[in-house]
Amino acid sequence: MTQLTQQAIIDRRQFFIDGRWTDPTGTESHTAVEAATEAPLGTAALGTETDIDIAVRAARTALDDGPWGRSTAHERAEVMRRLADALAKRAESTSILVSRENGMPIALSSAFNGVAPAALLRVYADLIESIDLEESRSSPQGITLVRKEPVGVVGAITPWNYPQVLAMFKIAPALAAGCTIVLKPSPETALDSYVFAEAAQEAGLPAGVLNIVLAGRRAGEALVTHPLVDKIAFTGSTAAGREIGSQCGRLIRRCTLELGGKSAAIFLDDGDIEVLVRGLGAASFMNNGQTCTTQSRILAPRSRYDEVVDAVAGFASGLRVGNPLDPEVTCGPMASETHLARVNGHIDNARRSGARLITGGRRPADLEKGWFVEPTVFADVSNDDEIARTEVFGPVIAVIPYEGDDEAVRIANDSNYGLAGSVWSSDEDRARSIARRIRTGTIGVNRYDIDLGAPFGGMKDSGIGRELGFEGLHHYFEYKSMYVNP
Ligand code: NAD
């Protein structure tokens, strides 16, 4: 581990535009700091509206005039597989870099930043070769050719919590469909996205197909509203999604929005507490709670309330908090000082609301540096309390009591969000029938782990559209009907 922490400073002072490393037009930069140690990681240039404009024009030209816009599905699939190989070669160093940037435990980072991006490229390469991009249907007048054409230039805007895989949720289907892309990653994870650029060069992705400009919110807005962009694929907070969605609505621009959540894990009165405890890591504490699907409301029947509170608190206090590069560590730091302050603010509000703090709530006593907070559990929380309604995005859980299955369903659905959830019961059928009543885009029964082959996304304020699976690819197509003669 000591070796891993002594990594050289990485500077990213250029953007990747039109297949080349390109100097910024502005002077702003972001200094990246390691979340666990506060040591400098490197410096990255921040793009301006002009940089975004240059990148969008490159993507437009690559689509309209370059080989990509006229490529076959097979040609694209071949490049995507080479890109997957190039990323796979870099998997270990990418995983370590992201863990240092945002505090993600290394095993999780290896899966989501190391393995998954290359795997997704291969899945979409296979998928695009297996589907009909021009289907012939007979009609009363003759024949209609129903074509799936690329939606066009995609502006992809991503958050910091799973930076590699969430970018690939967009890049892989966009490439498969024949789109070109401008990726604007989040400044909190300023350094890792340029790994895609190195891999793209190695794989021979044509110039302008994938452009990467690290930038803040203002330049992000310029990407959303740029006249040459056809679609925005956004993952981030509901507040930003609301802004972006309204801009896209005004411009009649296609957009998919993957937003926040306040998901519920419902423990039924016949649930096996051991099964819940085994599933809590993935359902409620994954990536230190910095996961959109975090089930931060645990609904427990009054008849077993104390037992559930004790089990959840026991799990939380048993997590090993520390440097995410240590494979024994199960809970790393928050991604930034600002985000830690936000999480602590939610904990303070919950304390003031009268919720009972069972465990955590402070900085771990043995960790002097880094953006750490103890895994925290509150009991006696009402679903109307701020801690039950607002996304904390940290390892902070509220255990909420209920009486009877109907009340559990009502409380779970009583949220502005609708992203994820789970139901825990010894009776699989009973759990499934409760799960069918929950208004969320995904839900687990006696487990919660995301299937990268199935549609993923949110209902209500958790978003619009789906990523992953064929359903995810669908958002990168325009459908065109050509009326022809037999
Ligand atoms: P954020 O909304 O602050 O930022 C996300 C990205 O959007 C960043 O790149 C940011 O620079 C950019 N951005 C912000 N405002 C913008 C605007 N008006 N125009 C254009 N770009 C803008 O979110 P964050 O703090 O980086 O990420 C955490 C949030 O993301 C949480 O709410 C989490 O639930 C959500 N999230 C959702 C999913 C999902 O799939 N549903 C997955 C991961 C994270």
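Keep in mind that what you see is a predicted model, and the values were worked out from it rather than measured.

Engineer: What exactly am I supposed to notice about the packing of helix H2 (residues 49–64) against helix H8 (residues 217–225) here?
Structural biologist: The relative placement of two packed helices comes down to the angle between their axes together with the axis-to-axis distance. One way to put it is that H2 packs onto H8 with a least axis distance of 8 Å and a crossing angle of 35 degrees. The crossing of H2 and H8 is right-handed. When H2 is examined against H8, the residues Glu 49, Ile 52 and Val 56 are found in contact with a partner set consisting of Arg 218, Ala 219, Ala 222 and Leu 223. Of the residues belonging to the contact of H2 with H8, the class tally is five nonpolar, no polar and two charged.

Engineer: What exactly am I supposed to notice about helix H3 (residues 73–89) here?
Structural biologist: For an α-helix, the turn length of 3.6 residues means that residues three or four places apart are oriented alike. The terminal C-alpha atoms of H3 lie 25 Å apart, and with 17 residues this matches the ideal 24 Å at 1.5 Å per residue to within 8%. Where H3 is concerned, the buried positions are Ala 73, Arg 76, Ala 77, Val 79, Met 80, Leu 83, Ala 84, Ala 86 and Leu 87. Residues of H3 that are buried make contact with helix H4 (91–102), helix H5 (106–130), helix H6 (163–177) and helix H7 (194–203).

Engineer: I would appreciate a short explanation of the side chain of Arg 90 in the present structure.
Structural biologist: For Arg 90, the location among the structural elements is in the loop between H3 and H4. In this structure Arg 90 comes out as buried when scored by relative accessible area, which is 18%. If we ignore the near neighbours within four places in the chain, the residues touching Arg 90 are Val 195, Glu 198, Ala 199 and Glu 202.

Engineer: I'm lost on the pattern of salt bridges in this one. Help?
Structural biologist: When the charged atoms of two side chains lie near each other, side chains of opposite charge can form a pair. As enumerated under the stated definition, the model contains 37 salt bridges in all. Notably, a salt bridge pairs Arg 218 with Glu 49, separated by 3.5 Å at the nearest N-O pair. Highlighted residues: Arg 218 in helix H8 and Glu 49 in helix H2, separated in sequence by 169 residues. Relative accessible area serves as the criterion here: at 56%, Arg 218 is assigned to the exposed category. Of the charged contacts, one joins Asp 461 and Arg 242 as a salt bridge, the two residues approaching to 3.2 Å between their closest N and O atoms. Within this pair, whereas Asp 461 is found in the loop between strand E20 (459–460) and strand E21 (463–464), its partner Arg 242 is found in helix H9 (residues 238–251), the two being separated by 219 residues in sequence.

Engineer: For this particular structure, what's the right way to read the sheet that holds strand E18 (residues 421–424)?
Structural biologist: Strand pairing in a sheet is mediated by backbone hydrogen bonds. Such pairs are either parallel or antiparallel. With respect to topology, seven strands assemble into an open sheet ordered E14-E15-E16-E13-E12-E18-E19, the strand pairing being mixed. Sheet topology places strand E14 (356–359) and strand E19 (444–445) at the edges, where each strand pairs with a single neighbour. Relative to E18, strand E12 (residues 264–267) runs parallel, the two sharing four bridges. The partner of Ile 266 across the bridge, within E18, is Val 423. Docked against the sheet, helix H10 (residues 273–284) engages E12, strand E13 (297–301), strand E16 (396–402) and E18, running at close to 170 degrees with respect to E18.

Engineer: Explain the sheet that holds strand E5 (residues 134–138) here, please?
Structural biologist: Ordered in space as E5-E6-E22, the three strands form an open sheet in which the pairing is antiparallel. In the strand order of this sheet, the two ends are held by E5 and strand E22 (477–484), each with one partner. Shown here is a sheet whose adjacent strand axes are inclined to one another by a mean of 25 degrees, direction ignored.

Engineer: Explain the nonpolar core to me, please; I cannot follow it from the model alone.
Structural biologist: Side chains that are nonpolar tend, in soluble globular proteins, to be buried together. Counting residues in hydrophobic clusters, the biggest one holds 123 residues, and the most contacted among them are Leu 121, Ile 171, Leu 175, Phe 196 and Val 308. Sequence-distant contacts of Phe 196, defined by excluding residues within four places in its chain, comprise Leu 83, Leu 87, Gln 164, Ala 167, Met 168, Ile 171, Leu 183, Leu 210 and Ile 212. With 31 residues, the next largest nonpolar core counts Ala 264, Val 343, Ala 412 and Val 423 among its residues.

Engineer: Could you clarify how one ought to interpret empty space enclosed by the protein in this entry?
Structural biologist: A water-sized probe rolled over the atoms picks out the places where empty space is left. Enumeration according to the criterion identifies three cavities of 30 Å³ or more in this entry. There is about 120 Å³ of room inside the largest cavity. Phe 112, Tyr 162, Val 165, Leu 166, Phe 169, Met 286, Thr 291, Cys 292, Thr 293, Ile 450 and Phe 456 together form the lining of the largest cavity. Considering every element that reaches the lining of the largest cavity, the biggest residue donor is H6, with three residues. In terms of residue class, the lining of the largest cavity is made up of nine nonpolar, two polar and no charged. Approximately 80 Å³ is the volume found for the second largest cavity. Along the wall of the second largest cavity there are 16 residues; nearest its centre are Ala 264, Arg 297, Ala 412, Ala 420 and Thr 440. Where the lining of the second largest cavity is concerned, the elements lending two or more residues are strand E17 (417–418) and E18. Tallied by class, residues from the lining of the second largest cavity come to seven nonpolar, six polar and three charged.

Engineer: What should I look at first to understand the site of the ligand in this one?
Structural biologist: Around the ligand, 27 residues are found, and the nearest of them are Thr 158, Lys 184, Ser 237, Leu 259 and Glu 391. A distance of 2.8 Å separates an oxygen atom of the ligand from a polar backbone atom of Thr 158. Given that more than half its atoms are within 2 Å of the pocket grid, the ligand belongs to the largest pocket. Breaking the shell around the ligand down by element, the ones donating at least two residues are H8, strand E10 (231–235) and H9. No other element matches H8, which puts four residues into the shell around the ligand. Split into classes, the residues belonging to the shell around the ligand amount to 14 nonpolar, eight polar and five charged.

Engineer: Honestly, the packing of aromatic side chains in this entry has me stumped. Any pointers?
Structural biologist: For any pair of aromatic rings, the description consists of the separation of the ring centres together with the inter-plane angle of the planes. Applying the stated rule across the entire model yields seven aromatic pairs. A centroid spacing of 5.8 Å and a plane angle of 55 degrees characterise the contact between Trp 21 and Tyr 194, whose relative ring orientation is tilted. Residue Trp 21 is located in strand E2 (residues 20–22), and its partner Tyr 194 is located in helix H7; the two are separated by 173 residues in the primary sequence. The exposure class assigned to Trp 21 is partly exposed, which follows from its relative accessible area of 28%. Ring geometry for Phe 169 and Phe 456: centres 6.3 Å apart, planes at 75 degrees, overall edge-to-face. Taken together, the residues Phe 169 in helix H6 and Phe 456 in the loop between E19 and E20 connect sequence positions 287 residues apart. Note on accessibility: Phe 169 and Phe 456 belong to one class, buried. Site record: aromatic cluster; members linked through ring pairs are Phe 16, Trp 21 and Tyr 194. Lying over the aromatic face of Tyr 476, Lys 231 brings its terminal NZ or CZ to 4.8 Å of the ring centre.

Definitions and cut-offs
Residues numbered from 1 in each chain as written. Predicted model: local features only at pLDDT ≥ 70, side-chain atom pairs only at ≥ 80, totals over all residues. Heavy atoms only, no water. Axes fitted to C-alpha atoms, helices over the stretch in contact; angles between N-to-C directions. Helix = DSSP H or I, 4+ residues; strand = E, 2+ residues; numbered from the N terminus. Left-handed = near helix turned anticlockwise from the far one by under 90°. Contact = heavy atoms within 4.5 Å. Nonpolar A, V, L, I, M, F, W, Y, C, P; charged D, E, K, R; others polar. Expected span 1.5 Å × (residues − 1). Buried < 20%, exposed > 50% of the residue type's maximum accessible area, 1.4 Å probe, protein only. Salt bridge = Lys/Arg side-chain N within 4 Å of Asp/Glu carboxyl O. Pairing = 2+ DSSP bridges. Core = buried A, V, L, I, M, F, W, Y, C linked by side-chain atoms within 4.5 Å. 1 Å grid on protein atoms, 1.4 Å probe; cavity = no way out; pocket = protein on both sides within 12 Å on 5 of 7 lines; lining within 4 Å. Points joined across faces, edges and corners; volume = space filled by probe spheres on them. Near = heavy atom within 4 Å. Polar contact = N/O pair within 3.5 Å; in protein donor to acceptor, adjacent residues only side chain to side chain. Sits in = over half its atoms within 2 Å of the grid points. Phe/Tyr/Trp six-rings, centres within 6.5 Å; stacked < 30°, edge-to-face > 60°. Lys NZ or Arg CZ within 6 Å of the ring centre and 35° of its normal.

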